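Below are the chains, spelled out letter by letter.
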There are 2 protein chains.
Amino acid sequence: MKEKGLLIVLSGPSGVGKGTVRQAVFSRPDAKFEYSISMTTRKPREGERDGVDYFFKSKEEFEQLIKEGKLLEYAEYVGNYYGTPVDYVKETLESGRDVFLEIEVQGAKQVREKIPEGLFIFLMPPSLDELESRIVGRGTESVDLIHNRMEAARKEIELMSLYDYVVENDNVDFAVDRINAIVQAEHCRSERVAYKYIKMLEVD
Amino acid sequence: MKEKGLLIVLSGPSGVGKGTVRQAVFSRPDAKFEYSISMTTRKPREGERDGVDYFFKSKEEFEQLIKEGKLLEYAEYVGNYYGTPVDYVKETLESGRDVFLEIEVQGAKQVREKIPEGLFIFLMPPSLDELESRIVGRGTESVDLIHNRMEAARKEIELMSLYDYVVENDNVDFAVDRINAIVQAEHCRSERVAYKYIKMLEVD
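The residue count restarts for each chain, going from 1 along the sequence in the order it is written. The naming scheme follows written order: chains are lettered A onward, ligands numbered 1 onward. For a predicted model such as this one, the threshold for reporting local features is a pLDDT of at least 70, and the threshold for listing and counting side-chain atom pairs is 80 or more; totals across whole chains, interfaces and linings nevertheless cover every residue. Side-chain descriptors were evaluated using all non-hydrogen atoms of the structure, hydrogens and water having been removed beforehand.

Chain A has the name Guanylate kinase in an unreviewed UniProt entry, where Lederbergia citrea is given as its organism. UniProt positions are given in the numbering used here, feature names are shortened, and annotations may be inferred rather than shown by experiment. Heading Sequence similarities (unreviewed entry) of the UniProt record for chain A holds this comment: "Belongs to the guanylate kinase family." In UniProt, chain A has this text filed under Function (unreviewed entry): "Essential for recycling GMP and indirectly, cGMP."

1. Here's the deal with the pairing of strand β5 (residues 71-77) of chain A
All names here are of chain A. Relative accessibility under 20% of the residue-type maximum defines a buried residue, over 50% an exposed one, and the middle range a partly exposed one, all with a 1.4 Å probe and only protein chains included. Helix and strand labels come from DSSP, where a helix needs a run of H or I of at least four residues and a strand needs a run of E of at least two; each type is numbered from the N terminus. Counting buried residues in β5 gives 5 out of 7 residues, a clear majority hidden from the surface. In this scheme, strands are said to pair when DSSP sees at least two bridges between them. Pairing analysis gives 6 bridges linking β5 to strand β6 (residues 80-85), with the strands arranged antiparallel. When the bridges of β6 are listed, Tyr77 appears paired with Asn80. In sequence, β5 turns back onto β6 through a hairpin of 2 residues, with Val78 there showing a positive phi of about 45°.

2. Concerning helix α3 (residues 86-94) of chain B
Residues and elements named next belong to chain B. Burial in α3 covers these residues: Val86, Val89, Thr92 and Leu93. What you see down the axis of α3 is that its buried residues fit within an arc of 145°, all on one side. Opposite the packed face of α3, turned more than 90 degrees from it, sit the exposed residues Glu91 and Glu94. We call two residues in contact when some of their heavy atoms are within 4.5 Å. On the buried face of α3, the contacting elements are β1 (7-11), β2 (34-35), β5 (71-77), β6 (80-85) and β7 (99-102). Backbone geometry just after α3 places Gly96 at a positive phi near 95°. An arc is given here, and it is the one of the directions from the helix axis to the C-beta atoms.

3. A look at the packing of helix α7 (residues 172-186) of chain A against helix α7 (residues 172-186) of chain B
For every element, the axis is a line fit to its C-alpha atoms; helices are fit only across the contacting stretch, and the angle between N-to-C directions ranges from 0 to 180 degrees. Contact pair α7(A) / α7(B): the axes reach a minimum separation of 8 Å and the direction vectors enclose 110°. Relative to α7(B), α7(A) is oriented roughly perpendicular. Note that α7(A) runs across α7(B); the crossing there is left-handed. When α7(A) is examined against α7(B), the residues A:Asp177, A:Arg178, A:Ala181, A:Ile182, A:Gln184 and A:Ala185 are found in contact with a partner set consisting of B:Asp177, B:Arg178, B:Ala181, B:Ile182, B:Gln184 and B:Ala185. All amino acids are sorted into three groups, where Ala, Val, Leu, Ile, Met, Phe, Trp, Tyr, Cys and Pro are nonpolar, Asp, Glu, Lys and Arg are charged, and the leftover types, Gly among them, are polar. Residues of the contact of α7(A) with α7(B), tallied by class, amount to 6 nonpolar, 2 polar and 4 charged. Note that the term roughly parallel is reserved for angles under 35 degrees, roughly antiparallel for angles over 145, roughly perpendicular for angles of 65 to 115, and oblique for everything else. Left-handed describes a crossing whose near helix is turned anticlockwise from the far helix through less than a right angle; right-handed describes the clockwise counterpart.

4. A closer look at the nonpolar core
In this text, buried Ala, Val, Leu, Ile, Met, Phe, Trp, Tyr and Cys residues form a nonpolar core when linked through side-chain atoms within 4.5 Å. Counting residues in hydrophobic clusters, the biggest one holds 108 residues, and the most contacted among them are A:Leu7, A:Leu101, B:Leu7 and B:Leu101. Ignoring anything within four residues of it in the chain, the contact list for A:Leu7 reads A:Val89, A:Leu93, A:Val99, A:Leu101, A:Val111, A:Ile115, A:Gly118 and A:Leu119. Counting residues in each nonpolar core, the second largest holds 5 residues, with B:Met39, B:Phe62, B:Leu65 and B:Leu71 among its members.

5. Concerning the pattern of salt bridges
Between Lys or Arg on one side and Asp or Glu on the other, a salt bridge is scored when a side-chain nitrogen of the former is within 4 Å of a carboxyl oxygen of the latter. As enumerated under the stated definition, the model contains 22 salt bridges over all chains in all. Between B:Arg28 and B:Asp177 there is a salt bridge, with its nearest N and O atoms 3.0 Å apart. Here B:Arg28, found in the loop between α1 (18-27) and β2, pairs with B:Asp177, found in helix α7; they are 149 residues apart in sequence, far enough to count as distant. Owing to a relative accessible area of 22%, B:Arg28 belongs among the partly exposed residues under this scheme. Taken together, the salt bridges that share partners define one network made up of A:Arg28, A:Asp173 and A:Asp177.

Shown next as structure tokens:
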């Protein structure tokens, strides 16, 4: 019996720094998970590359994939679609490797319904003021959009209790340490490893 | 509202190396827990000091403490009592600090009944052969006693599923890393920290 990989879902309010933390997770030399690249219909930001940061698709292409059931989750957010291709995730988990998803809160809720045994991590800003200044600091959004995002963030934070873990993003390195600890701990959970030891008692 | 400390219970079969791992946990410069020293009626081994490794008590003294309800757990094991003084544990948890217990399997079961929200970690030998060679290698036990201990160990391993986590003691440093990761992860569990963030939404 082979141990299935762990699905790690990192989510949290818009502006909290999910993308930055995800990049830092994967830049560690001991990073052991596979990153599932999301699909989106939003325009690439400066420096973002297709097939690396996201798969950038047209609205029509995205809606076709929804129809074909090719998305583990998807959400419309501030006028754009975001989603996770399902085949890659399932195949990787079956092969025993951990998969890391960085997705929006609406999408995380859908994944929880489909893969309840996943590991759901909510990335939290140290304060709402801090969150607002990050959204403003990004400099890409209008004042109205900032207001909308803050309202959305408050609602998203209220969904925190649906997650297994809450990681504060007070500092990117600390946040990555916490995420790595959570994954390592989860691999030691007794319901996950019991079968190995039951086998050991039978053999010896 | 103050966050209560976490009770960390390290247990596992006799001979697995609980004492060595516990010492290594506390020798790390960043160790943040309080160690609850056990009480025992067994004779000190070479180098063991009263009030440091154990509180060494006579059988009569120990039975008096049982009567007075002064033990969180106790067990008789190969003719000796082992136990945990209750007051120190409860006061330390209330003050917000984590307490680390290293105890026998019988005792861990009693603690689970009294403090179910504790964090129960089962230390596992890499194999039963390895466990036997460790017990033999200690050189303090007779052949009959080794046989008894191995039988007891097999029964103890069957209780593994009562624990939250299983940590393999293939290497002491790796085992300590895993234990530290488990404790760090547990401090991020959403049911443990939700109250902080609910407060944040109310204030801002």
